[in-house]
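Below are the chains, spelled out letter by letter.
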Amino acid sequence: MSGALRGRVLVTGAAGMLGSELLLRTPTGCVGVGTDLVAGPSVAAAGVDLSERSAVERLFEQHGPFTGAIHCAAYTAVDKAEEQPELCANVNVEASRVLAQVCQARGAHLVAVSTDFVFDGAKRTPYLESDEPRPLSVYGRTKLEGERATLAAAPGAAIVRTQWLYGPRGKHFPRTIVGYARSSGKLKVVDDQWGAPTSTLELAPALWDVLLARASGVFHGACEGSCSWHGFTAEILRQCGLVSVELNACGSDAYPRPAVRPAYSVLDASKLAALRGRRFADWRRALADYLAVEPL
Ligand SMILES: NC(=O)c1ccc[n+]([C@@H]2O[C@H](COP(=O)([O-])OP(=O)(O)OC[C@H]3O[C@@H](n4cnc5c(N)ncnc54)[C@H](OP(=O)(O)O)[C@@H]3O)[C@@H](O)[C@H]2O)c1
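Residues numbered from 1 in each chain as written. Predicted model: local features only at pLDDT ≥ 70, side-chain atom pairs only at ≥ 80, totals over all residues.

**Section: the overall build of the protein**
Phase 1: Helix and strand counts for the protein stand at nine helices and 13 strands.
Phase 2: Taking 296 residues into account, the globule formula puts the C-alpha radius of gyration at 19 Å, and the protein, at 19 Å, falls close to it.
Phase 3: By principal-axis analysis of the C-alpha atoms, the protein measures approximately 55 × 35 × 35 Å.
Phase 4: In the protein, once contacts between residues fewer than 6 apart in sequence are set aside, the share between residues at least 24 apart is 77%. (Helix = DSSP H or I, 4+ residues; strand = E, 2+ residues; numbered from the N terminus. Rg over C-alpha atoms; globule rule 2.2 N^0.38 Å. Contact = placed C-beta atoms within 7 Å.)

And the structure:
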């Protein structure tokens, strides 16, 4: 990409599933600097609470100057958020606002990661960036408020909404389902929630492209195609060679959870594909690529 952003880039949530993958894929010409609450191999600055402005200022003083930032830190415990709305908002809204304000004041281009949970799932065709968000949960509401706080403080920032993430080093659906399959030999999985499983191996390079291009505005970033959790499970079992496991379908009412999930939240990623000149892999292909890196 000509005229691409170069220099030191802050990656928040660096101990997490997405942040750690981003740092492994830092492009030539950039130096990735990871920060998180906790320490980890990809974390250069540990113990920084992003909701504290003085801590963020200090981070920029000690580890900057930064030309860019990719914001992955978040309160991601979707069900627990229903009991902890203030804590969730403190991270997903306040920390996002503080980071955006500091990035804006210091000239760092910001890319912030958001979620399909900003939508209510009433559509039956993939969600566009122009569709009206209507979140159903505390997590979804705080992520939407975080998007708005980010763009209010840093109008040139980019928001990238993604969904159904999995990848190396994470706690995620494929790992959990393979664990259950191996221990019980029998699974019952919901078939009335649809999305697009998205590998961090696909998403991380896309986020770097958005940053390097200094893109602004809202983008959807997810693998091509769609399935239900039941369909995703069938494909995981097939690709892992667990074909003798008994798999049954059920409705979401069989597994009541504190946070309401959208029934359909497939994201249309055409706008991001146009920016990059290429689409994400189909979700089945992306799963195979992931399993080649980290067999389950
Ligand atoms: N996972 C998915 O399926 C999914 C789907 C759609 C969108 N997203 C979005 O994608 C992004 C990355 O998700 P992920 O799954 O990689 O998350 P993750 O593994 O939970 O990592 C998030 C990291 O942020 C840290 N963090 C929390 N509060 C913080 C604070 N106040 N200051 C600094 N760091 C803080 C967490 O630390 P602790 O663990 O110590 O709290 C954690 O290490 C998030 O924005 C998430 O909303 C994820």
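The discussion continues.
**So, the nonpolar core**
Phase 1: Counting residues in each nonpolar core, the largest one holds 84 residues, and the members touching the most others are Val11, Ala69, Ile70, Leu99, Leu110, Val111 and Leu207.
Phase 2: Once residues lying within four places of it in the same chain are set aside, the contact partners of leucine 207 are Leu22, Ile70, Val111 and Val160. (Core = buried A, V, L, I, M, F, W, Y, C linked by C-beta atoms within 7 Å. Buried ≥ 20, exposed ≤ 12 C-beta atoms within 10 Å, placed from the backbone.)

**Concerning the site of the ligand**
Phase 1: Lining the immediate environment of the ligand, one finds 27 residues, of which Gly13, Gly16, Leu18, Ala74 and Leu165 sit closest.
Phase 2: Listed by contribution, the elements that provide at least two residues to the shell around the ligand are helix H1 (17–24), helix H3 (85–106) and strand S5 (109–115).
Phase 3: Classifying every residue of the shell around the ligand gives 15 nonpolar, nine polar and three charged. (Near = placed C-beta within 6 Å. Nonpolar A, V, L, I, M, F, W, Y, C, P; charged D, E, K, R; others polar.)

**Here's the deal with the environment of isoleucine 236**
Phase 1: Checked against the element boundaries, isoleucine 236 lands in helix H7 (residues 229–239).
Phase 2: By the C-beta count within 10 Å, which is 24 here, isoleucine 236 ends up buried.
Phase 3: Once the C-alpha coordinates of isoleucine 236 and alanine 157 are considered, the two residues, 79 residues apart in sequence, prove to be 36 Å apart.
Phase 4: Beyond its immediate chain neighbours, meaning those up to four positions away, isoleucine 236 contacts Pro174, Ile177, Val178 and Leu287.

**Let's talk about the packing of helix H5 (residues 173–184) against H7**
Phase 1: The N-to-C vectors of H5 and H7 enclose an angle of 70°; their axes lie 10 Å apart at closest approach. Comparing the axis directions of H5 and H7 gives the class roughly perpendicular. For H5 against H7, the interelement crossing comes out right-handed. Here Phe173, Pro174, Ile177, Val178 and Ala181 of H5 lie close against H7, whose contacting residues are Phe232, Thr233, Ile236 and Leu237.
Phase 2: For the contact of H5 with H7, the class distribution of residues is eight nonpolar, one polar and no charged. (Axes fitted to C-alpha atoms, helices over the stretch in contact; angles between N-to-C directions. Parallel < 35°, antiparallel > 145°, perpendicular 65-115°, else oblique. Left-handed = near helix turned anticlockwise from the far one by under 90°.)

**Remarks on the sheet that holds S5**
Phase 1: The sheet built from seven strands is open, its strands ordered S3-S2-S1-S4-S5-S6-S11 with parallel pairing. Lying at the two open borders of the sheet, with one neighbouring strand each, are strand S3 (45–46) and strand S11 (217–220).
Phase 2: Pairing of strand S4 (residues 68–71) with S5, which is carried by four bridges, proceeds in the parallel orientation. Each bridged residue has a counterpart across the sheet, and for alanine 69 the counterpart in S5 is leucine 110. (Pairing = 2+ DSSP bridges.)

**Some words on the pairing of S5**
Phase 1: For S5, a buried count of seven out of seven residues is recorded, marking the element as mostly surrounded by other parts of the structure.
Phase 2: Every second residue of S5 is oriented toward a common face, with His109, Val111, Val113 and Thr115 on one face and Leu110, Ala112 and Ser114 on the other, all of them buried.
Phase 3: Handedness of the crossover joining S4 and S5 through H3 is recorded here as right-handed.
Phase 4: When S5 meets strand S6 (residues 158–162), the two strands line up parallel, connected through five bridges. (Right-handed = clockwise from strand over helix to strand, strands pointing away.)

**Side note on the environment of alanine 269**
Phase 1: Among the secondary structure elements, alanine 269 is positioned in the loop between strand S13 (246–250) and helix H8 (270–276).
Phase 2: Look at alanine 269 and you get buried, because 26 C-beta atoms sit within 10 Å.
Phase 3: For the pair alanine 269 and leucine 128, spaced 141 residues apart in sequence, the C-alpha separation works out to 7.8 Å.
Phase 4: Those residues in contact with alanine 269, other than ones at most four positions away along the chain, are His220, Gly221, Ala222, Arg279 and Phe280.

**A few points about the packing of H7 against helix H9 (residues 283–293)**
Phase 1: Direction vectors running N to C along H7 and H9 enclose 40°, while the axes themselves pass 11 Å from each other. Viewed along their axes, H7 and H9 adopt a mutual orientation that is oblique. Every pair of crossing elements has a handedness; the one defined by H7 and H9 is right-handed. Packed against H7, whose contacting residues are Glu235, Ile236 and Gln239, the element H9 presents Arg284, Leu287, Ala288 and Leu291 at the interface.
Phase 2: In terms of residue class, the contact of H7 with H9 is made up of four nonpolar, one polar and two charged.

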